Amino acid sequence: MRLIAATLALVFGLVGSAFAEDAFKEGVHYQKLAQKVATVDPSKIEVTEVFWYGCGHCYTFEPMLQSWKAEQAEDVNVVQLPAIWNGPMEVHAKAFFTAKALNKLDTLHQPLFDALNSQRARLDNEQALVDFFEKHGVSEEDFRKTYRSFGVVSQVNIANSKARGYGITGTPEVIVDGQYRISARMAGSQEKMLQVADFLVEKIRNSQGS
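Residues numbered from 1 in each chain as written. Predicted model: local features only at pLDDT ≥ 70, side-chain atom pairs only at ≥ 80, totals over all residues. Heavy atoms only, no water.

This brings us to the packing of aromatic side chains. For the structure on display, the rule yields 13 aromatic pairs. Aromatic pair Tyr 30 and Phe 199: ring centres 6.2 Å apart, planes at 50°, arrangement tilted. Within this pair, whereas Tyr 30 is found in the loop between helix H1 (2–22) and strand S1 (31–32), its partner Phe 199 is found in helix H9 (residues 190–207), the two being separated by 169 residues in sequence. Pair check on accessibility: Tyr 30 and Phe 199 agree, each one buried. Ring geometry for Phe 132 against Phe 133: centres 6.0 Å apart, planes inclined by 70°, an arrangement best described as edge-to-face. Through a chain of ring-to-ring contacts, the aromatic side chains of Phe 51, Tyr 53, Tyr 59, Phe 96, Phe 97 and Phe 113 assemble into a single cluster. The aromatic ring of Tyr 147 is capped on one face by Lys 94, whose charged end is 4.1 Å from the ring centroid. (Phe/Tyr/Trp six-rings, centres within 6.5 Å; stacked < 30°, edge-to-face > 60°. Helix = DSSP H or I, 4+ residues; strand = E, 2+ residues; numbered from the N terminus. Buried < 20%, exposed > 50% of the residue type's maximum accessible area, 1.4 Å probe, protein only. Lys NZ or Arg CZ within 6 Å of the ring centre and 35° of its normal.)

Residues Thr 171 and Pro 172 are joined by a peptide bond in cis, for which omega reads -5°. You will see that Asn 103, though not glycine, has its phi angle at about 60°, which is positive. Summarising the element assignment, Asn 103 is placed in the loop between helix H3 (87–101) and helix H4 (105–117). With relative accessibility at 72%, the residue Asn 103 sits in the exposed group. For Arg 120, which is not glycine, the phi torsion reads 55° and is therefore positive. Tracing the backbone through its elements, the reader meets Arg 120 in the loop between H4 and helix H5 (126–135).

So, on to the side chain of Arg 181. When you line up the elements, Arg 181 lands in strand S5 (residues 180–183). Classification of Arg 181 by relative accessible area gives buried; the value is 7%. There is a polar contact of 2.6 Å between the side chain of Arg 181 and the side chain of Gln 31. Polar side-chain contacts of Arg 181 include one of 2.8 Å to the side chain of Glu 173. Not counting residues up to four positions away in its chain, the partners in contact with Arg 181 are Tyr 30, Gln 31, Leu 33, Tyr 166, Gly 167, Ile 168, Thr 169, Glu 173, Val 174, Ile 175 and Met 186. (Polar contact = N/O pair within 3.5 Å; in protein donor to acceptor, adjacent residues only side chain to side chain. Contact = heavy atoms within 4.5 Å.)

Take it as geometry only, folks, not as evidence of what the structure does.
So this is what it looks like as structure tokens:
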């Protein structure tokens, strides 16, 4: 009986493993990029969300992403990258990197989402952002100096270059380790985007033998 039980366990284990491998397919649920884009920390498996503060879909995805992020192991680095393909999006990208440079991203990230989605604020120019940042404890002088800084402008350019390398077609989209792109359309839903991300993280982890 023990031998039979062990054999059945092995069979079901192999079936489960095969099912896991086939759960999501390249070209169907995710796309492999033609060329890998460099990650922030090569020692970790990077999961990047490309987003826009003014995107309603990104707004609903945000709490899902943050919950998912909190569950990740130490070998996973979750980052967010603003998409830029028009003037207002560039302004919002600069707001993101300005908040980050001022060490205010943790306190300003969600309010920026709220302002552009639930509150319908415009925030499409520098003065509007001055007023917004001042309401959250950042002086006009500190904001303008940082917003116009070489560092912030450089970060915006890098973000734009990375998004082009990813082949982003909309927001939100998720990039795993600079080599796999996931969209809600491909995955089937926002929830499944994170399931596919889990699948790919494990795939990369296994390939690294960790």
